[in-house]
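Structural characterization, general
Each chain, written out:
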Amino acid sequence: MKLTKIAQLIGAERKNIPDQQISWLLTDSRSLSFPDESLFFAIRTPRNNGHNYISELYQQNLRYFVVSEMRPEFEMLTNAVFLKVTDTLQALQSLAAAHRASFNIPVIGITGSNGKTVVKEWLYQLLHDDYRIVRSPRSYNSQIGVPLSVWALNENTELGIIEAGISEMHEMEHLQPIIQPTIGIFTNLGEAHQENFTGLKQKCEEKLKLFTQAETLIYCSDNKLVEICIAQSGFKQKLFSWGKSKDADIQILQVKKSTDNTDVSLKYAGSDFTITIPFTDDASVENALHCVAVMLHLGITIKKITKRILQLEAVAMRLEVKEGVRSCLIINDSYNSDLNSLSIALDFLNQQATAKNLSKTLILSDILQSGQTADELYKTVAELVKSKNIQRIVGIGTEISKQTALFQSVDKTFFEHTEDFLKSSLIREMKNEIILLKGSRKYHFEDISEKLELITHETTLEVNLNALVDNLNYFRSKLRPETKMMCMVKAFAYGSGAVEVARTLQHHRCDYLAVAVADEGAELRHEGIRIPIIVMNPEKGSFGMIFDNKLEPEIYSFRLLDSFIIAAEKLGLVDYPIHIKIDSGMHRLGFEPKDMEQLLIRLRNQNQVKVRSVFSHLAGSDDAKFDAFTKQQIAVFSACADQLATTFSHHIMRHILNSAGIERFPEYQFDMVRLGIGHYGISSLPEVSLKQVCALKTVILQIKDVKAGETVGYSRKGIVNTDKRIAIIPIGYADGFDRKLGNGVGEVLINGQRAKVIGNVCMDLVIIDVTNIEAREGDQVEIFGDHLMVSEVADWLKTIPYEVLSSVSRRVKRIYFQE
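What counts and what doesn't
Residues numbered from 1 in each chain as written. Predicted model: local features only at pLDDT ≥ 70, side-chain atom pairs only at ≥ 80, totals over all residues. Heavy atoms only, no water. Helix = DSSP H or I, 4+ residues; strand = E, 2+ residues; numbered from the N terminus. Rg over C-alpha atoms; globule rule 2.2 N^0.38 Å. Contact = heavy atoms within 4.5 Å. Areas by Shrake-Rupley, 256 points an atom, 1.4 Å probe, with all protein chains shown as cover. Lys, Arg positive; Asp, Glu negative; His and termini not counted. Charge placed at Lys NZ, Arg CZ, Asp CG, Glu CD. Core = buried A, V, L, I, M, F, W, Y, C linked by side-chain atoms within 4.5 Å. Buried < 20%, exposed > 50% of the residue type's maximum accessible area, 1.4 Å probe, protein only. Axes fitted to C-alpha atoms, helices over the stretch in contact; angles between N-to-C directions. Parallel < 35°, antiparallel > 145°, perpendicular 65-115°, else oblique. Left-handed = near helix turned anticlockwise from the far one by under 90°. Nonpolar A, V, L, I, M, F, W, Y, C, P; charged D, E, K, R; others polar. Phe/Tyr/Trp six-rings, centres within 6.5 Å; stacked < 30°, edge-to-face > 60°. Lys NZ or Arg CZ within 6 Å of the ring centre and 35° of its normal. Pairing = 2+ DSSP bridges. Polar contact = N/O pair within 3.5 Å; in protein donor to acceptor, adjacent residues only side chain to side chain. Salt bridge = Lys/Arg side-chain N within 4 Å of Asp/Glu carboxyl O. Expected span 1.5 Å × (residues − 1). Patch = residues over 30% accessible without salt bridge, like charges linked within 9 Å, V, L, I, M, F, W, Y side chains within 5 Å.

Examining the overall build of the protein chain
- Along its length, the protein chain carries 27 helices and 38 strands.
- In terms of overall dimensions, the protein chain is globule-like: its C-alpha atoms have a radius of gyration of 29 Å, near the 28 Å expected for 819 residues.
- The long-range fraction of contacts in the protein chain, counting pairs at least 24 apart against all pairs at least 6 apart in sequence, stands at 65%.
- Here the protein chain displays about 35,200 Å² of accessible surface, and carbon together with sulfur accounts for 47% of that area.
- The distance from the centre of the 93 positive side-chain charges to the centre of the 101 negative ones in the protein chain is 1 Å.

As structure tokens, then:
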């Protein structure tokens, strides 16, 4: 679309606007790929402001911006074109709505509490042979994600599949005109994102607003609340229901589950037939039946439906980073295969790229059914590869193999079939690379992943980087825009892996990181972390490491201060940044108020170090019974900080709030705050439910039957009073599964049911009681995570979540993923 047309559609001033073609809409300044054809919307949110990144984007040759404010520094951007509007988010949504209105094609709009993304992806699997489809990339279902998804519709699109998610009232009325679904799917109604609604009925009514102009609404009639809300909504168009009732358009006659499949007998239009769904969980059966209803509505034959449903494949809901052979890192994303998802995955690749001489490699299959000619498609792919600084591309497929000439200045190899690549020497030669696997399903890139991934311990700690960022943004929303954020990544980032966590925090513009000792900071520097790093417990023997890696020490005593000044002086350093620690009442490390006069004298009489910040620790900010003491600490700290401020002419930052303090005492945020355990889903407010970042999981190795009177485990502590069925799992106290959880104290989760630990915890193994649980060898076991909270495990151990998280051994494989 031409920039002049865009300006007209969004109501911007239209003076001196070039007739430039815009192909890409940008809301995240870190995702720029094609500056000549991109338009940046500077969206202001409670947690960030896109206007802050316009100058940075201008330096990267982007020239077109939609803004709601004109800042003085923009005058220096002489070649920039600014489209001034009142509200940039509203402008983005208006543009997307106008773009959608230009297409007279069927569009499936999907909403509900759960299952949206799976239904969308399964519909693509089932229908891509019949239609050229554009669908939402990953889970782009928000107020920003939906417009970006709809923008991908083009003149070759025959069917759109767009999902819509909401978290509060009045959001759906903005998404409905953007999606304008002709076919609606209401997946289900549950408790997800319930916090901003008075009840399920209100949330259901809000979600149904997506379908006000739809021609057909598909839903499960077994949920009576959904049926009632639909009836009360006044929906006049066609209702197409499925369920157990005889009144449903598609009636479920029987559901029969076996080991790996579910057979569902159905009646539709007077005919009985059976479909076999290659999954057994209830959610997958529900999602598959929504898809069956869509296919029947579109006129696809029952014969084709039964064949295609049987071929459904699991949807990988996230981008995972796994350790590979020969010092490689593997990112497996066979979830989507189109230009939008490729751009997103390449951004994630760049975010994860290390500074340890790891080159960036893309293994890419043919992109199917893009609607573009092969020349147009792979020219864009080649430009994307170049803009993301990919060093090597391996193309697999007949079409991409014909386009080798388009890929310039990159190491390139092409194969027509996946099997050819697997047989080649190239896959055995890959080393010191971060490799993105991006393939359409027919190319079976899981075989490549299997060859490249390092076989590891079956016990893993999954680290959800999206949840980490969501929690970061929750705490950031409590702050003034100018307040800085320091994030604690000490103790291996509370067990979750300091490098990956620090890289993610840096990417999301954290201001400072904090580590316990210099070695931790040096490791981060070696991995390419550039932002300031504070060392909270510097040791005299580590001063050289601190200087070499530009780390900034906490100074808490005269002895440490004098030693550090002498070390800096020997190197001829001037104004080296330090951070002064005040003991305001916790009585751990720090200068006391009585030390301030002498401290100021020593700081004034030297120029080797310069105070960058002054801070203190709160002893009980998470507990209301200590509020008076907390305020007393803040008063003591403020008095000491004031003395520093009046002594020196430069600004000295102040910070005292930890995670609990940010939530409970935001009025004392000063210049900066320190976020620690809050990253990982622990809130001091009972009404706040943060996302769990870490999930410790393992598998069942073996199941046995044990007769009454026998014993289990070391020291015969596991006494079996009745016949029992036990399972052995490969985790023990060497992995961080505390011995105190043995003998019935601890529990684990298997297939949604809790199983108690029986007997003593061993170094490498734990035995659990699965007598009344449907469990099989190979089933996944959750030690803690989304369903069994780490805080509950901490309660069993009479400790705090910090200890549980940081106790997870480094021999446990960390898997990082982004949903």
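Structural notes on the nonpolar core
- With 145 residues, the main nonpolar core has Val381, Leu513, Leu524, Ile580, Ile750, Ile768 and Phe784 as its most contacted residues.
- Broken down by element, this core gets its largest block of residues, seven residues, from helix H22 (residues 558–570).
- Those residues in contact with Ile580 that lie beyond four places of it in its chain are Ile555, Phe591, Leu599, Val611, Ser613, Val614, Phe615 and Leu644.
- Among the nonpolar cores identified, the runner-up in size contains 41 residues, and Ile183, Phe273, Leu289 and Cys291 belong to it.

Some thoughts on the packing of helix H17 (residues 465–476) against helix H19 (residues 498–507)
- One can describe the packing of H17 onto H19 by two numbers: an axis separation of 11 Å at closest approach and a directional angle of 50°. In terms of their interaxial angle, H17 and H19 are classed as oblique. With respect to the hand of their crossing, H17 and H19 are arranged in right-handed fashion. Contact with H17, carried on its side by Leu465, Leu468, Val469 and Leu472, involves Val501, Thr504 and Leu505 of H19 and no other residues of that element.
- Grouping the constituent residues of the contact of H17 with H19 by class yields six nonpolar, one polar and no charged.

Regarding the environment of Leu32
- Looking at the element boundaries, Leu32 is found in the loop between strand E1 (24–26) and strand E2 (38–41).
- A C-alpha to C-alpha distance of 8.1 Å links Leu32 and Leu57, two positions 25 residues apart in sequence.
- When neighbours within four sequence positions are excluded, Leu32 is seen to be in contact with Leu26, Ser38, Leu57, Gln60, Leu62 and Lys388.

Overview of the packing of aromatic side chains
- Within this structure, the stated rule accounts for 17 aromatic pairs.
- Ring geometry for Phe407 against Phe414: centres 5.8 Å apart, planes inclined by 50°, an arrangement best described as tilted.
- The exposure class of Phe407 is buried, given its relative accessible area of 2%.
- The class of Phe414 is buried, set by a relative accessible area of 19%.
- On the basis of an interplanar angle of 85° and a centroid distance of 5.0 Å, the ring pair of Phe543 and Phe564 is categorised as edge-to-face. Here Phe543, found in helix H21 (residues 543–548), pairs with Phe564, found in helix H22; they are 21 residues apart in sequence, far enough to count as distant. Residue Phe543 shares its accessibility class with Phe564, and that shared class is buried.
- One residue, Arg63, lies across the ring of Tyr58, its end atom 3.8 Å from the ring centre.
- Here the basic side chain of Arg810 rests over the ring of Phe492, its NZ or CZ set 3.8 Å away from the ring centre.

Considering the sheet that holds strand E3 (residues 64–67)
- A sheet is described by the order of its strands in space; here four strands give the open sequence E1-E2-E3-E4, paired in parallel fashion. Two strands close off the open sheet at either side, each with one partner strand: E1 and strand E4 (81–84). Taking the axes of each pair of neighbouring strands and ignoring which way they run, one obtains an average angle of 25° across the sheet.
- Here E2 runs beside E3; their pairing, made up of two bridges, is parallel. Counterpart to Phe41 in the pairing with E3 is Val66.

Quick word on the side chain of Glu433
- Looking at the secondary structure, you find Glu433 in strand E19 (residues 433–438).
- Look at Glu433 and you get buried, because its relative accessible area is 2%.
- A distance of 2.5 Å separates a polar atom in the side chain of Glu433 from a polar atom in the side chain of Thr361.
- Ignoring sequence-local partners within four residues, the contact set of Glu433 consists of Ser327, Cys328, Leu329, Leu358, Ser359, Thr361 and Arg392.

Considering the pattern of salt bridges
- All chains considered together, the criterion is met by 37 salt bridges.
- For the salt bridge of Asp282 with Lys257, the shortest nitrogen-to-oxygen distance reads 2.5 Å. Within this pair, whereas Asp282 is found in helix H9 (residues 282–297), its partner Lys257 is found in strand E11 (residues 250–257), the two being separated by 25 residues in sequence.
- Of the residues examined, Lys257 reaches a relative accessible area of 43% and is grouped as partly exposed.

Quick look at the sheet that holds strand E35 (residues 753–756)
- Sheet architecture is open: twelve strands sit in the order E18-E17-E16-E19-E15-E14-E38-E20-E29-E37-E34-E35, paired in mixed fashion. Only two strands of the sheet have a single neighbouring strand rather than two, namely strand E18 (411–415) and E35. The sheet shows a mean angle of 25° between the axes of neighbouring strands, taken without regard to direction.
- Examined bridge by bridge, strand E14 (residues 319–323) and strand E38 (residues 813–818) share three bridges and lie antiparallel to one another. In the strand pairing of E38, Val321 is matched with Tyr816.
- Lying over the sheet, helix H11 (residues 339–352) contacts E14, strand E15 (329–332), strand E16 (359–365), E19 and E38, oriented at roughly 165° with respect to E19.
- Sitting on the sheet, H17 is in contact with strand E20 (460–464) and E38, with an inclination near 45° to E20.

So, H17
- With twelve residues, H17 ought to run about 16 Å at 1.5 Å a step, and its terminal C-alpha atoms sit 16 Å apart, in line with that.
- Every buried residue belonging to H17 is among Leu465, Ala467, Leu468, Val469, Asn471, Leu472, Asn473, Tyr474, Phe475 and Arg476, and all of these are buried.
- N-capping of H17 is provided by Asn464, with a side-chain oxygen placed 3.0 Å from the backbone N of Asn466.

Details of a negative patch on the surface
- A cluster of like negative charges, contributed by Glu416, Glu419, Asp420, Glu446, Asp447 and Glu450, occupies part of the molecular surface.
- Listing elements by their share of the negative patch, those giving two or more residues are helix H14 (418–423) and helix H16 (446–452).
- Sorting elements by how many residues they give to the negative patch places H16 first, with three residues.
- Relative to the elements of secondary structure, Glu416 occurs in the loop between E18 and H14.

A word on the packing of H22 against helix H23 (residues 596–604)
- Interaxial distance between H22 and H23 falls to 12 Å at its minimum, and their mutual angle equals 0°. Classified by the interaxial angle, the pair formed by H22 and H23 is roughly parallel. Along the contact surface, H22 presents Phe558, Leu561 and Asp562, while H23 presents Gln598, Leu599, Arg602 and Leu603.
- Classifying every residue of the contact of H22 with H23 gives four nonpolar, one polar and two charged.

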